[in-house]
Amino acid sequence: MRHEPRRDSRGILDPDRLLRQVRFRRRLPAPALRPWVEHYWLIDWDLAEPFDQRVVPHPAVNLVFQAQEGGVEHGVVAGVDTGLFTVTLHGAGRVTGVQFRPGGFRPFWGRPVAELTGHRVPLAATHLPGPDRPVCPGTDDERCRRLDDLLTAASPVPDPLTAEVTALVEEIRADRGVLRVADFARRHAASTRRLQRLFLDQVGVGPKWVIRRYRLQEAIEQAAAGPLDWSRVAADLGYADQAHLVREFTAVAGVSPAAYARSLATARR
């Protein structure tokens, strides 16, 4: 189990620009919560002009508390977003979030996680306990302690299916050789049908989507280092050909790989 949060920017489009505009950091939860929680994420901003940020989401549920300056804090449960997530920040504000591990929200939700996919549900509309005070105010330590208290009060119970699917998704994320569901199923002596049911119930999306999303996030990371031989990148990441990669990249990120690489190079100059 990790002793520090991930340092990568996988999924964040133009991460350098994000870090110039806001204070963004990750913190680990209390050790007892780490089987289910990837990390907490904290963002604070005070902007003279509105700022748009785009993210290619992970196969993960997030619990998000946001407080805009002078407004009331709102808490929502955000299911897996299968498209491009875009948010506009303005003025001053804070977000305090929980990114669950893929499959990690199932014990807190108690129902198939696919019910949440593509949806944002107010925390008050779920059976999860609400915080006894606003989450966003205070120091980083105070914000994280309130999240620890909130999630611990939900009393999650270890589930072997959750542990299994979490390990499977972590293998997909870490192993670039995982390109096809049928091959992955054979590796684990499972049927593709069982993996499909398991992933929909526990993660909220199917294994094919998870594989494609992690490989696409790798393509986005590689685009930042461009120029690249995109036909080679496509072959390495399991796409049928370069055109297939370009179509999927453009459909999710909103721009082609080459255009994205050029935009980052221009920003650096």
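Residues numbered from 1 in each chain as written. Predicted model: local features only at pLDDT ≥ 70, side-chain atom pairs only at ≥ 80, totals over all residues. Heavy atoms only, no water.

Colleague: How do you make sense of the overall build of the chain when you look at a structure like this?
Modeller: In terms of helices and strands, the chain carries 10 helices and 8 strands. For the C-alpha atoms alone, the extent of the chain along its principal axes is close to 55 × 50 × 30 Å. With 269 residues in all, the chain has 49% of them scored as buried. Of all intrachain contacts in the chain linking residues separated by at least 6 positions in sequence, the fraction that spans at least 24 positions is 71%. Taken as two groups, the 38 positive and 32 negative side-chain charges of the chain have centres that lie 3 Å from each other. (Helix = DSSP H or I, 4+ residues; strand = E, 2+ residues; numbered from the N terminus. Buried < 20%, exposed > 50% of the residue type's maximum accessible area, 1.4 Å probe, protein only. Contact = heavy atoms within 4.5 Å. Lys, Arg positive; Asp, Glu negative; His and termini not counted. Charge placed at Lys NZ, Arg CZ, Asp CG, Glu CD.)

Colleague: For this particular structure, what's the right way to read the environment of G71?
Modeller: Mapped onto the secondary structure, G71 falls in the loop between β4 (62-68) and β5 (74-78). Owing to a relative accessible area of 45%, G71 belongs among the partly exposed residues under this scheme. Linking G71 and R268, residues 197 residues apart in sequence, is a C-alpha distance of 35 Å.

Colleague: Quick question: what am I supposed to make of the pattern of salt bridges here?
Modeller: Applying the stated criterion across every chain, the model contains 22 salt bridges. A salt bridge links D44 to R94; the nearest nitrogen and oxygen atoms lie 2.4 Å apart. Of the two residues, D44 sits in strand β2 (residues 37-46) while R94 sits in strand β7 (residues 92-100), which places them 50 residues apart along the sequence. On the basis of relative accessible area, D44 is assigned to the buried category, the value being 9%. Owing to a relative accessible area of 25%, R94 belongs among the partly exposed residues under this scheme. Beyond isolated ion pairs, a larger network of salt bridges with shared partners links R23, R25, D44, R94, D140 and R143. (Salt bridge = Lys/Arg side-chain N within 4 Å of Asp/Glu carboxyl O.)

Colleague: What exactly am I supposed to notice about the sheet that holds β7 here?
Modeller: Ordered by their spatial adjacency, 6 strands build an open sheet running β1-β2-β7-β4-β5-β8, and the pairing between neighbours is antiparallel. Across the chains shown, the open sheet's two edge strands, defined by having one partner strand only, are β1 (23-27) and β8 (120-122). Averaged over all pairs of adjacent strands, the angle between strand axes in this sheet comes to 20°, irrespective of strand direction. Docked against the sheet, helix α3 (residues 140-153) engages β1, β2, β4 and β7, running at close to 140° with respect to β2. (Pairing = 2+ DSSP bridges. Axes fitted to C-alpha atoms, helices over the stretch in contact; angles between N-to-C directions.)

Colleague: How should I be thinking about the side chain of R146 in this particular structure?
Modeller: Structurally, R146 can be placed in helix α3. Within the buried core, R146 has no salt-bridge partner, and the shortest N-O distance to an opposite charge, that of E142, equals 5.0 Å. Contact partners of R146, with chain neighbours within four places excluded, come to R133, P134, V135, C136, P137 and G138.

Colleague: Is there a simple way to explain the nonpolar core in this structure?
Modeller: Nonpolar side chains in soluble globular proteins generally cluster together in the buried interior. One finds L63, F100, F105 and L151 to be the most contacted residues of the largest nonpolar core, which totals 26 residues. Broken down by secondary-structure element, the contributors of at least two residues to this core are β2, β4, β7, α2 (106-109) and α3. Per-element tally for this core: the top contributor is α3, with 4 residues. When near neighbours in sequence (up to four residues on either side) are disregarded, L63 contacts V76, V77, T96, G97, V98, F100, L123, L150 and L151. (Core = buried A, V, L, I, M, F, W, Y, C linked by side-chain atoms within 4.5 Å.)

Colleague: Sorry, what's going on with the environment of T152 here?
Modeller: Within the secondary structure, T152 is located in helix α3. Sequence separation of T152 and A30 is 122 residues, and the distance between their C-alpha atoms is 9.1 Å.

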